[in-house]
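As a plain string of letters, each chain reads:
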Amino acid sequence: AQSVAQPEDQVNVAEGNPLTVKCTYSVSGNPYLFWYVQYPNRGLQFLLKYITGDNLVKGSYGFEAEFNKSQTSFHLKKPSALVSDSALYFCAVRDFDFNKFYFGSGTKLNVKP
Amino acid sequence: GAVVSQHPSRVICKSGTSVKIECRSLDFQATTMFWYRQFPKQSLMLMATSNEGSKATYEQGVEKDKFLINHASLTLSTLTVTSAHPEDSSFYICSASLLVAGVQETQYFGPGTRLLVL
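We now turn to the structure provided with this report. (Residues numbered from 1 in each chain as written. Chains lettered and ligands numbered in written order. Predicted model: local features only at pLDDT ≥ 70, side-chain atom pairs only at ≥ 80, totals over all residues. Heavy atoms only, no water.)

1. Looking at the overall build of chain B
Check the secondary structure of chain B and you find zero helices and 11 strands. When the helices and strands of chain B are read in sequence order from the N terminus, they spell out β-β-β-β-β-β-β-β-β-β-β. Here the C-alpha radius of gyration of chain B, 14 Å, is about what a compact globule of 118 residues would show, namely 13 Å. With respect to the principal axes defined by its C-alpha atoms, chain B has extents near 45 × 25 × 25 Å. (Helix = DSSP H or I, 4+ residues; strand = E, 2+ residues; numbered from the N terminus. Rg over C-alpha atoms; globule rule 2.2 N^0.38 Å.)

2. Focus on the interface of chain A and chain B
In many reports, interface size means the accessible area that the parts give up when they come together. Between chain A and chain B, the contact holds 20 residues from the first and 23 residues from the second. Buried surface at the junction of chain A and chain B, both sides included, amounts to about 1,700 Å², of which 53% is carbon and sulfur. Our enumeration of links across chain A and chain B arrives at zero salt bridges. Between chain A and chain B we count four residue pairs in polar contact (both at pLDDT 80 or more) in total. (Contact = heavy atoms within 4.5 Å. Buried area = accessible area lost by both parts, 1.4 Å probe. Salt bridge = Lys/Arg side-chain N within 4 Å of Asp/Glu carboxyl O. Polar contact = N/O pair within 3.5 Å; in protein donor to acceptor, adjacent residues only side chain to side chain.)

3. A word on the state of the cysteines
All chains considered together, the criterion is met by two disulfides over all chains. There is a disulfide in this structure between C23 of chain A and C91 of chain A, and the S-S distance comes to 2.0 Å. The sign of the S-S torsion, about -65°, decides the handedness of the disulfide formed by C23 of chain A and C91 of chain A: left-handed. Placement of the pair is C23 of chain A in the loop between β3 (19–21) and β4 (24–26) and C91 of chain A in strand β10 (residues 87–95), with a sequence separation of 68 residues. Given a relative accessible area of 0%, C23 of chain A falls into the buried group. The buried category is assigned to C91 of chain A, whose relative accessible area is 0%. Two residues share a disulfide in this structure: C23 of chain B and C94 of chain B, whose sulfurs sit 2.0 Å from each other. Here C23 of chain B and C94 of chain B share a disulfide; its torsion about the S-S bond, 80°, makes the bridge right-handed. (Disulfide = S-S within 2.5 Å. Buried < 20%, exposed > 50% of the residue type's maximum accessible area, 1.4 Å probe, protein only.)

Don't take any of this as a statement about function, it's just geometry.
As structure tokens, then:
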């Protein structure tokens, strides 16, 4: 079965510092991986995805993620965090066999001024 | 592009009444829509997968007679919570899957509906 794990419930970072939100995956076959962000009382917004190609994927709002096959990871990164980046971040993997997405438990990012 | 809307954004109802939530893909045709439920500070729980013109596929533990899903067109899916009770209070989120070269690739999410059953 496909699954993703987000080992950190919360990540704290100072504004201007680089940030990393971790995600590891377990899939059979080639992974389709996604990152979404959720602001309070809102739905999820798509940030970026990895399907194939370059391991470094660039997405919205200056975020990027690095696909690492050997470590089965897809960590979300940003070189310089903003206070407005504070939100809940979800990693997801697509299961083709059952046409559904599996979401991680979410990581709350707190960026302090 | 790829905008998904939900209506209403918030609803308060009395116990025993039914509530309908609409999910629309505004600028693309979605052959598949998904319905999720999210409890406070938790991840999304997939409730059902809705395919246009066919019956929805429910996840294990989700009562299909309780949560009625209709996907009448390529841009509209509805979730009806029948005989709602306080334990049904939650944040309900829909998503629509964008078909790319025959493969359902990215999901785009609606803004969510906050249901409070008194």
